[in-house]
Amino acid sequence: MIPYYELINRYDKAPGIRIVDTFSGKLIQSDWWRYTSLNGTTSGGMSDEIDGGYELTSTTTGQTSEQIATFRVGGPSQVFNALGSTFICSMKSATVNNALSVMGSRCGFKRDANDTFNVGNFAGVLKNTGNVNYRAYTASNSGSGTNSTETSIYQDTNWHVWKGELNGTSYNLSGDGVQQTTSTTKLPVLNMMPFLYQYGYQPSAGSSTTSFNYYEAWNH
Amino acid sequence: LESLTYATGTINDRETATADSIYDLLNPTPSAPMKARFVDGFCGDTQDGFVWGTGTYSSSMTGTITMADEVDGGIKFLTGADNYASVWMTFQGEQLNGAESQPTQQPFSPTGSVLISVLKYTTDSALSVFSSAGGGLFGGTNGGRGDQGGAAGNGGVAHQMRGNQTYFNLTTNNAGAYGSTLNTGVEKDTNWHCHKIECKTASAEYTLDGVLVGSRTDNLTPHHLAPQYGVFKYTVAGQCGMQLRYCEAYNT
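Residues numbered from 1 in each chain as written. Chains lettered and ligands numbered in written order. Predicted model: local features only at pLDDT ≥ 70, side-chain atom pairs only at ≥ 80, totals over all residues. Heavy atoms only, no water.

S.K.: Could you clarify how one ought to interpret the confidence of the model for chain B in this entry?
M.R.: Any residue range with low pLDDT should be treated as having predicted coordinates unsuitable for detailed reading. Residue and element names in this part refer to chain B. Across chain B, pLDDT averages 81, with 81% of residues at or above 70. Scored below 50 in pLDDT, residues 1-15 makes 42 contacts in the model with residues more than four places away or belonging to other chains. Scored by ipTM, the complex comes to 0.86, with pTM at 0.88. (pLDDT = per-residue confidence, 0-100. Contact = heavy atoms within 4.5 Å.)

As structure tokens, then:
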């Protein structure tokens, strides 16, 4: 048998912490992920679809709904190094019965389990209604706002796989296996945790859903 | 590389691993979207409660699913001595005895998925005509119930040991119609084996210990699927048992 260890690790370098979740089974692993409803009417649960994974859904009409799933909140959750870590996340997002819906989908690393993105340590990928393409998205610890850099991947409703790498001096984001952006300003400096996030605004009807069917993260 | 455990080639140099993520190992084409995958090595003091639920034919029936305290023992299924005793495990919500149950997540495709199971049967293989044990992929409105997996509204594909058959068997079933007998040519026994089922567009294939031993094209289900394992016992003396130590399912 080939040791699982040898598939991705070396014997001459002790590996850092790593998590892998394929979002299979009847429930999200609540000893890993903590679901938090931040505003409005929201839900999170496993999808009963082929390749469906875990879904965050907003259904409130006339106001914003948003929710976040973060890693081990309440425990030692901020275990990923802002100066040397990588995440891979497979994500898609869509609205139902409401073309006017405003929605956002985000994933990556974040310092806190809240809806504050512009002053917290954060590195991820962003889909926002109003943008054309997905964007790399970072914030430092200084409260000086965010850095948002456009990728070449259109904001459609298909699955896309994102790989974000923090190496201490830059944040490199790949999408669907292709290098997209390199950010060197407003980078996070404090330890962070994995997060999955969705918000939606449905003026009169419908819903919006962001799905995740793979998340992997490790320290370098 | 299709599955984690059965990688046999040299993935990378042992001292200088070249892949830095599980994702890269499992997806030779990085631009391809991730597909559903599930792996369980059945270690620990109980089955993973975030994934598996269990059930029996009725609340009055006896049967157990416990972790085996043995080297390479995995998880152990054992019916009670009651007539019609059965116990099963699937992606269902909770322990349900005699109740309808649908797996809360059926993420695997009926036309493009694989289930790998390493298991052994611990019962006398000649227990009775209708006694059986095995595992497979099932789906539908009541597909989480082991004794209803092939009934109307449900369907699936499974490898099994049946009391009235000499060989390991592959069954397909859909909406109450069964393809129940397939002569694989491999006599059933109580040794550990690697059972692999692949659902394709127009067939279901059964590979045993790395050798293709049969395929079916009848009674293929359109339902999307979830893994399920179970043991069932008819109206004779004795118990029906099985041990499972590896399960991997993925969409192709």
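S.K.: For this particular structure, what's the right way to read the environment of Thr79(B)?
M.R.: Residues and elements named next belong to chain B. Along the chain, Thr79 falls in strand β4 (residues 75-79). Classification of Thr79 as buried rests on a relative accessible area of 1%. Between the C-alpha atom of Thr79 and that of Thr123, which follows or precedes it by 44 residues, the distance is 10.0 Å. Aside from chain neighbours lying at most four places away, what touches Thr79 is Thr62, Gly63, Ala85, Ser86, Val87, Val231, Phe232, Lys233, Gln239 and Cys240. (Helix = DSSP H or I, 4+ residues; strand = E, 2+ residues; numbered from the N terminus. Buried < 20%, exposed > 50% of the residue type's maximum accessible area, 1.4 Å probe, protein only.)

S.K.: Can you walk me through the packing of aromatic side chains in this structure?
M.R.: Residue and element names in this part refer to chain A. One pass over the structure, following the stated rule, counts 25 aromatic pairs over all chains. Ring centres 5.2 Å apart and planes at 25° place the aromatic pair Tyr5 and Tyr11 in the stacked group. In this structure Tyr5 comes out as partly exposed when scored by relative accessible area, which is 28%. Classification of Tyr11 as partly exposed rests on a relative accessible area of 47%. When the ring of Phe122 is compared with that of Tyr137, the centres are 4.9 Å apart and the planes differ by 75°; the resulting orientation is edge-to-face. One end of the pair, Phe122, is in strand β8 (residues 122-128); the other, Tyr137, is in strand β9 (residues 133-139), and 15 residues separate them in sequence. The structure contains a cluster of three or more aromatic residues connected by ring pairs, namely Phe23, Trp32, Trp33, Tyr54, Phe71, Phe80, Phe87, Phe109 and Tyr215. Looking at Lys110, its charged tip hangs above the ring of Phe117, at a distance of 4.8 Å from the centre. (Phe/Tyr/Trp six-rings, centres within 6.5 Å; stacked < 30°, edge-to-face > 60°. Lys NZ or Arg CZ within 6 Å of the ring centre and 35° of its normal.)

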